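The primary structure of each chain is shown beneath.
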Amino acid sequence: IPKIISEVSDSELFKTKIWETESRERPEEIYHTGFYEDKDHAYVVISEGCSNYCSYCVVPFVRGELHNRAPKDIINEIEEAVKKGINKITLLGQNVNAYQSPAASCQLPVNFIKLLKLINETKGLKEFTFVTSHPKDTSVELFKIMAECDKLKKNLHLPVQSGSDRILELMNRGYTKKKYLDLVKAYRKEMPAGTITTDIIVGFPTESSEDFQQTHDLMKEAGFDAAYIFKYSPRPHTQAEHYADDVPKAEKERRHKALLDFIKAVLVVIMLCVSMPARAELDIFDHPRQIERKKAVIVKKDDAKLLDYPNECFLKGEYEATFRSCQKLLEYKPAQGLKLQIMYLMGLSCLKLNRFLEARSYFNDVTISGAAGDDLKRDASLGIADSYFLDDKLDEAAGAYKEILGRYPPTEVGSIVYYRLYEISHQQGREEEAQQYLSRLKREFPFSFEAQLKTEEPKSYSVQAGCFNSKRNTDRFCEKLVSIGFDAYIVESPGVEEPRYRVKAGRFNSKEEAEAVKVKLKNAGYPARVSPEK
Ligand code: SF4
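Everything numeric here is computed off the predicted structure, so don't read it as measured data. Counting restarts for each chain: residues are numbered from 1 in the order of the written sequence. Side-chain atom pairs in this predicted model are given and counted only at pLDDT of 80 or more, local residue features only at pLDDT of at least 70, and totals for whole chains, interfaces and linings cover all residues. In computing side-chain properties, one takes all heavy atoms of the structure into account and sets aside hydrogens as well as water.

**Considerations on the sheet that holds strand E8 (residues 226-231)**
Inference 1: Pairing between strands is defined by DSSP: at least two bridges between the two strands are required. Each helix is a run of H or I in the DSSP string that is no shorter than four residues. Each strand is a run of E no shorter than two, and both are numbered from the N terminus. Pairing is parallel across the open sheet formed by three strands, whose spatial order is E6-E7-E8. The open sheet has two edge strands with one neighbour each: strand E6 (155-157) and E8. Geometrically, the sheet is characterised by an average inter-axis angle of 10° between neighbouring strands, direction not taken into account.
Inference 2: Bridging between strand E7 (residues 195-202) and E8 involves six bridges; their strand directions are parallel. Structural elements are reduced to axes, namely lines fitted to C-alpha atoms, with helices fitted over the stretch in contact, and the angle between N-to-C directions of any two is expressed from 0 to 180 degrees.

Encoded structure:
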């Protein structure tokens, strides 16, 4: 490094002090996917620098003010990438939402929303996404366009930094906790299956326990799919550098750990309990006991140090890495005593990767092993049943759940099994049977998470008229219902591989009103079903 520095400092470039000229803009020639590409994926810079001057952030001082590239240069770069066989793109910028085409670059101004539409039309491009967004420049309009652009991944990274309005003001972020949560709500409304992640800083100067609690509450309310949590430390040139860094180190550590533990626990719940189709409907955050219980399933395996790494990957949601590290462990002699736990973890990873057949095979090996304890066998049996359930093989799933009830005392997993059987009977239209499972759930596990879910009074009722895999068929059916006078709309939810689309005909405050519309639909030749809504 000293040699390189000395070479550079002797160069002409250094002598002319090129970086000290007024503009920090890089020449256009510097941008090409060669800098940032993978096999089928490339990063494409749309803007550099930032003019927001958040009080803790050094970016405006080291990267300069926001500078946007011309839309035609961005599109050219993407087209060039596509020609090279790259079909996935990530658009990069410190604050992509503030994108605005430079005045001289095109006659009609192009903002971020228009840019997304233009990119979505690029031939040969399969998928694209963007980072990072700023809440103050994010809008419902953006979410609507995100939902419309079929090539755009439904992921949003929206750093919140703090849940306390006082701290947000000190950070110069330009929004309040309420505005942020309203955005999250609007995002979920437009893209119920979309994911949302965030960044949080703990221990910002003057952050009190109450401020921190506000952040913790916001995390619960927003229901992030992942969060990157940082401990504050001052940066040169920034406004916050002049504030007293007054939250003690140990307290920063404690707050950091508290949020990290929370998000890890949530990931485990999402992963183990709240299966993909059901996820949007559950309010997991109000049920810490459930979180703890599900966490225990993984944590109890932590006594074996060798499983630390795969467990860690699993908790982070890196299922492919979990699977691969387990494969390696299976070949490792000292880990032979953990073979069954490793296979169980491989089964869980396959479940999350939608490789259901493979998942069943690992779970099955555990259940038939004479060496497996009852708890592990029972958990693996639940894995088999879940694999059928997530694979939409409801008859097989029902058989497997019933087998668990017959074979193992309905303690630990009983409430989950009853809940699943209730869901299956309900989905297959056997309402009486569904109600029987529900009664057993409430009677035998009155304090369980699942029972609590089902005792909550629905806030409203909808009438479901159809469920489709094809968006085109869904649109047609929805239009048909609207044309004959029903207040129809489409709800998208994640399916096993593809999203599923439900056409609903109105939302009502009382069950009676919903039932009346159901009858109307039936008379028009469309059998329908009333569903409670939260
Ligand atoms: Fe800009 Fe982000 Fe830094 Fe704020 S935190 S100044 S938005 S780069």
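**Overview of helix H16 (residues 356-368)**
Inference 1: Each residue after the first adds 1.5 Å to the expected span of a helix. Spanning 13 residues, H16 covers 18 Å between terminal C-alpha atoms, matching the ideal 18 Å at 1.5 Å per step.
Inference 2: The secondary structure elements touched by the buried residues of H16 are helix H14 (319-330), helix H15 (339-352) and helix H17 (374-390). The contact rule is simple, with two residues in contact once any of their heavy atoms fall within 4.5 Å.

**Comments concerning the pairing of strand E4 (residues 88-92)**
Inference 1: Sheet topology note: the strand E1 (residues 41-45)/E4 ladder contains five bridges and is parallel. Bridge pairing in E4 places alanine 42 opposite isoleucine 89.
Inference 2: Here five bridges tie E4 to strand E5 (residues 127-131), and the two strands are oriented parallel to one another. When the bridges of E5 are listed, threonine 90 appears paired with threonine 129.
Inference 3: Classification remark: right-handed applies to a crossover when, strands pointing away from the viewer, the course from the first strand over the helix to the second runs clockwise. Of the crossover connections in this fold, the one passing from E4 over helix H5 (residues 112-120) to the parallel E5 is right-handed.

**Things to note about the packing of aromatic side chains**
Inference 1: Any two of the Phe, Tyr and Trp rings considered here, Trp counted by its six-membered ring, make a pair once their centres fall within 6.5 Å; the pair's planes then place it as stacked at under 30 degrees, edge-to-face at over 60, or tilted in between. Applying the stated criterion to the full structure yields twelve aromatic pairs.
Inference 2: Relative to phenylalanine 363, the ring of tyrosine 344 has its centre 5.7 Å away and its plane inclined at 55°; by these criteria the two rings are tilted. Of this pair, tyrosine 344 sits in helix H15 while phenylalanine 363 is found in helix H16, placing the two residues 19 residues apart along the sequence.
Inference 3: Under the scheme applied here, a residue whose accessible area is under 20% of the maximum for its type counts as buried, over 50% as exposed, and between as partly exposed, the area being computed with a 1.4 Å probe on protein chains only. On the basis of relative accessibility, which here comes to 0%, the residue phenylalanine 363 falls in the buried class.
Inference 4: Note on tyrosine 419 and tyrosine 422: the rings are 6.3 Å apart at their centroids and 40° apart in plane angle, and the pair reads as tilted. Taken together, the positions of tyrosine 419 and tyrosine 422, both in helix H19 (residues 414-427) and three residues apart, correspond to about one turn of that helix. Just as tyrosine 419 is buried, tyrosine 422 falls in that class too.
Inference 5: Following the ring pairs from residue to residue traces out a cluster consisting of Tyr56, Phe204, Tyr232 and Tyr243.

**Side note on the environment of tyrosine 56**
Inference 1: Residue position: tyrosine 56 is located in the loop between strand E2 (47-48) and helix H3 (59-63).
Inference 2: Among the residues examined, tyrosine 56 registers a relative accessible area of 12% and is labelled buried.
Inference 3: When sequence neighbours within four positions are dropped, the list of residues in contact with tyrosine 56 reads Gln161, Met171, Arg173, Ile201, Phe204, Tyr232, Arg235, Thr238 and Ala240.
Inference 4: Polar side-chain contacts of tyrosine 56 include one of 3.3 Å to the side chain of glutamine 161.
Inference 5: There is a polar contact of 3.3 Å between the side chain of tyrosine 56 and the side chain of arginine 173. The term polar contact refers here to a pair of N or O atoms within 3.5 Å; inside protein, the definition further demands a hydrogen-donor-capable atom paired with an acceptor-capable atom, and it admits residues adjacent in sequence only when both atoms are side-chain atoms.

**Describing the packing of helix H13 (residues 308-315) against H15**
Inference 1: Close contact between H13 and H15 brings their axes to 11 Å; oriented N to C, the two are set at 20°. As summarised for this structure, H13 and H15 are arranged roughly parallel, according to the angle between their axes. The chirality of how H13 crosses H15 is left-handed. In this structure, H13 contributes Pro310, Asn311 and Phe314 to the contact, and H15 contributes Leu345, Leu348, Ser349 and Lys352. The scheme is simple: roughly parallel for angles under 35 degrees, roughly antiparallel for over 145, roughly perpendicular for 65 to 115, oblique for anything else. Crossing handedness is defined as follows: a turn of the near helix away from the far one that is anticlockwise and smaller than a right angle gives a left-handed crossing, while the clockwise case is right-handed.

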